[in-house]
Amino acid sequence: MDSLQELLNKKKEGNALRRLKTVEGLIDFCSNDYLGLANSKELFEIIHLRVTKITPPYNGATGSRLLSGNRTLAETLELKLATIFNSAKTLLFNSGYTANLAVLSSLPQRGDTLLYDELVHACIKDGARLSLASRFSFKHNDLNDLEDKIKRAKGNVFIAVESIYSMDGNACPLKELTFLASKYGAAIILDEAHSTGSYGPNGSGMAVEQKLENKIAVRVYTFGKAMGVHGACVAGDETLINYLINFARPFIYTTAMPPHSLISIQSAFDFLQQNMDRQKTLQSKIQLFLSRTEKLPLQRIKSKSAIQNVIVPGNTDVKKLGSYLEENKFDCRPILSPTIKEGTERIRICLHAFNSDEEIKGLTSALQNFVQ
Ligand SMILES: Cc1ncc(COP(=O)(O)O)c(C=O)c1O
């Protein structure tokens, strides 16, 4: 165990030691609860009421979906999600992490090529490492670099991207990407983690909003961010879903979701359908933040989404800004290297429909005070 302690010591020396902490009494500019569903008392009560009405009552799925764990509740929810995401089928997963692990580890086969944007989430990279296909990253949102790599690719080609990038907050040029993919017969795997709920009719995400869903072979939606609950699903055609049921180990070898989770997901989409104005409110909060920061001497990554950044190179310096903001009651966390590339350390700011204009103005004033 000495070697483990040594590695921890190294992290500490690099000012990059991770610690769990709870935060209370600060203004939330950190969570993925973009639409305020995670903390909605109304939604809480709807879920609670529906859970008490499960007949016959049960607490856990008791096994994998392929053994004792398949329930009508899960199948009904998958049908509902297929309607929302306008796909032939959907398949539930316990989290976005396992959904991506399942897709990336099982779809690209030996002899195939997987090309992924360099900024995709860790779970896409982890899934890719489990695949037997050749894998290469391409420069962030750079379709020329991607095309060069497609030309050199062997076997079936898969392209993995995110609709909204989790760290930079910028969007994938989806339309152009679908043109490129169809030119070379490549299959797109789209992670909609940060657009599920916040974009599209009934929270259906960006591909549906842009009417591109039929051009994207695999779509991954997660429910732990704007939907305020937990879990994920993959949307696609019947062959894709049957394939995952048969070959995706993170689907096959795990206990299925409990009824509380299934009810929560169902209720969150029902609730959002009745509260679609939250999407518009979120957009107005983003506009306010952008208008208040455009003239500030801050190093920023261009983003029109709820995820905004202030770059402060170096773990030590970015932590200083983090502490300053915390002293001023703003909860926005420093993101350190090696989670992100050295030199791009940043304060990641998540905006929410529930942040008041005063809170956003207060945050931008604090940023201004710090840099001046
Ligand atoms: C882009 C992206 N994909 C997938 C995930 C994982 O989703 P989950 O939290 O549901 O496991 C995250 C989580 O941060 C993410 O940002």
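Use the structure listed above.
Student: Just checking my understanding: could you explain the layout of surface pockets for this structure?
Tutor: As a volume, the second largest pocket reaches approximately 290 Å³. What lines the second largest pocket is a set of 16 residues, and nearest its centre among them are Arg-65, Glu-75, Glu-78, Leu-91 and Ile-245. At the level of secondary structure, the elements contributing two or more residues to the lining of the second largest pocket comprise helix 3 (72-84), strand 2 (89-93) and helix 9 (238-247). Taken together, the residues of the lining of the second largest pocket sort by class into eight nonpolar, three polar and five charged.

Student: Even after reading the chapter, I still don't get unusual backbone geometry, so can you show me in this structure?
Tutor: In this structure, Pro-56 follows Thr-55 across a cis peptide bond, with omega equal to -15°. Structurally, Pro-56 is set in the loop between helix 2 (41-52) and helix 3. With an omega of 15°, the peptide bond running from Ser-337 to Pro-338 counts as cis. With respect to the helices, strands and loops of the structure, Pro-338 is situated in the loop between strand 11 (334-335) and strand 12 (346-350).

Student: Any chance you could explain the packing of helix 4 (residues 96-106) against helix 5 (residues 122-130) here in plain terms?
Tutor: Each pair of packed helices can be described by the angle between their axes along with the distance between the axes. Viewed as axis vectors pointing N to C, helix 4 and helix 5 meet at an angle of 35°, and their least axial separation amounts to 7 Å. Note that helix 4 runs across helix 5; the crossing there is right-handed. Residues Gly-96, Tyr-97, Asn-100, Leu-101, Leu-104 and Ser-105 of helix 4 lie in contact with helix 5, whose contacting residues are Cys-123, Ile-124, Asp-126, Gly-127, Ala-128 and Leu-130. Partitioning the contact of helix 4 with helix 5 into residue classes produces seven nonpolar, four polar and one charged.

Student: Please explain the site of the ligand as it appears in this structure.
Tutor: Lining the immediate environment of the ligand, one finds Ser-95, Gly-96, Tyr-97, Asn-100, His-121, Cys-123, Glu-162, Ser-166, Asp-191, Ala-193, His-194 and Lys-225. Interatomic distance of 2.9 Å between a backbone N/O atom of Tyr-97 and an oxygen atom of the ligand. In the model, an oxygen atom of the ligand is placed 3.3 Å from a nitrogen or oxygen of the His-121 side chain. Burial of the ligand by the surrounding chains reaches 82%, relative to a free accessible area of 390 Å². For the shell around the ligand, the element with the most residues is helix 4, which contributes three residues. Within the shell around the ligand, the residues separate by chemical class into three nonpolar, six polar and three charged.

Student: Looking at this model, I keep getting lost on the sheet that holds strand 3 (residues 113-117). Mind explaining?
Tutor: Backbone hydrogen bonds hold the strands of a sheet together, and the pairing may be parallel or antiparallel. Taking strand neighbours across the sheet as the criterion, the seven strands line up as 2-8-7-6-5-3-4 in an open arrangement whose pairing is mixed. This sheet does not close on itself; its edge strands, each paired only once, are strand 2 and strand 4 (134-138). Taken pair by pair, the neighbouring strands of this sheet meet at an average axis angle of 20°, ignoring direction. Of the pairings in the sheet, the one linking strand 6 (residues 187-191) to strand 7 (residues 218-222) comprises three bridges and is parallel in character. Residue pairing for strand 7: Leu-190 is matched across the bridge by Arg-219.

Student: Is there a simple way to think about the pattern of salt bridges in this case?
Tutor: Pairing of side chains with opposite charge becomes possible as their charged atoms draw close. Counted under the stated rule, the structure contains 11 salt bridges. Between Lys-285 and Asp-357 there is a salt bridge, with the nearest N and O atoms lying 2.8 Å from each other. Of this pair, Lys-285 sits in helix 12 (residues 277-293) while Asp-357 sits in helix 14 (residues 357-371), and the two are 72 residues apart along the sequence. By relative accessible area, Asp-357 is classed as partly exposed at 33%. Several salt bridges converge on common partners, so that one network encompasses Arg-50, Lys-80 and Asp-270.

Student: Is there a simple way to explain the pairing of strand 4 in this structure?
Tutor: Put simply, side chains in a regular strand alternate between the two faces of the sheet. Pairing analysis gives five bridges linking strand 3 to strand 4, with the strands arranged parallel. Looking at the pairing, Tyr-116 lines up with Ser-137 of strand 4. A crossover links strand 3 with its parallel partner strand 4, the connecting element being helix 5, and its sense is right-handed.

Student: I keep staring at the packing of helix 6 (residues 143-151) against helix 7 (residues 174-184) and nothing clicks. Help me out?
Tutor: Look at helix 6 against helix 7: their axes get within 11 Å of each other, and the N-to-C directions meet at 15°. Overall, the two elements helix 6 and helix 7 adopt an arrangement that is roughly parallel. Two packed elements cross with a definite hand, and for helix 6 against helix 7 that hand is right-handed. Here helix 6 contributes Leu-143, Leu-146, Glu-147, Ile-150 and Lys-151 to the contact with helix 7, which in turn contributes Glu-176, Leu-177, Leu-180, Lys-183 and Tyr-184. Counted by class, the contact of helix 6 with helix 7 contains six nonpolar, no polar and four charged residues.

Basis of the calculations
- Residues numbered from 1 in each chain as written.
- Predicted model: local features only at pLDDT ≥ 70, side-chain atom pairs only at ≥ 80, totals over all residues.
- Heavy atoms only, no water.
- 1 Å grid on protein atoms, 1.4 Å probe; cavity = no way out; pocket = protein on both sides within 12 Å on 5 of 7 lines; lining within 4 Å.
- Points joined across faces, edges and corners; volume = space filled by probe spheres on them.
- Helix = DSSP H or I, 4+ residues; strand = E, 2+ residues; numbered from the N terminus.
- Nonpolar A, V, L, I, M, F, W, Y, C, P; charged D, E, K, R; others polar.
- Axes fitted to C-alpha atoms, helices over the stretch in contact; angles between N-to-C directions.
- Left-handed = near helix turned anticlockwise from the far one by under 90°.
- Contact = heavy atoms within 4.5 Å.
- Near = heavy atom within 4 Å.
- Polar contact = N/O pair within 3.5 Å; in protein donor to acceptor, adjacent residues only side chain to side chain.
- Areas by Shrake-Rupley, 256 points an atom, 1.4 Å probe, with all protein chains shown as cover.
- Pairing = 2+ DSSP bridges.
- Salt bridge = Lys/Arg side-chain N within 4 Å of Asp/Glu carboxyl O.
- Buried < 20%, exposed > 50% of the residue type's maximum accessible area, 1.4 Å probe, protein only.
- Right-handed = clockwise from strand over helix to strand, strands pointing away.
- Parallel < 35°, antiparallel > 145°, perpendicular 65-115°, else oblique.

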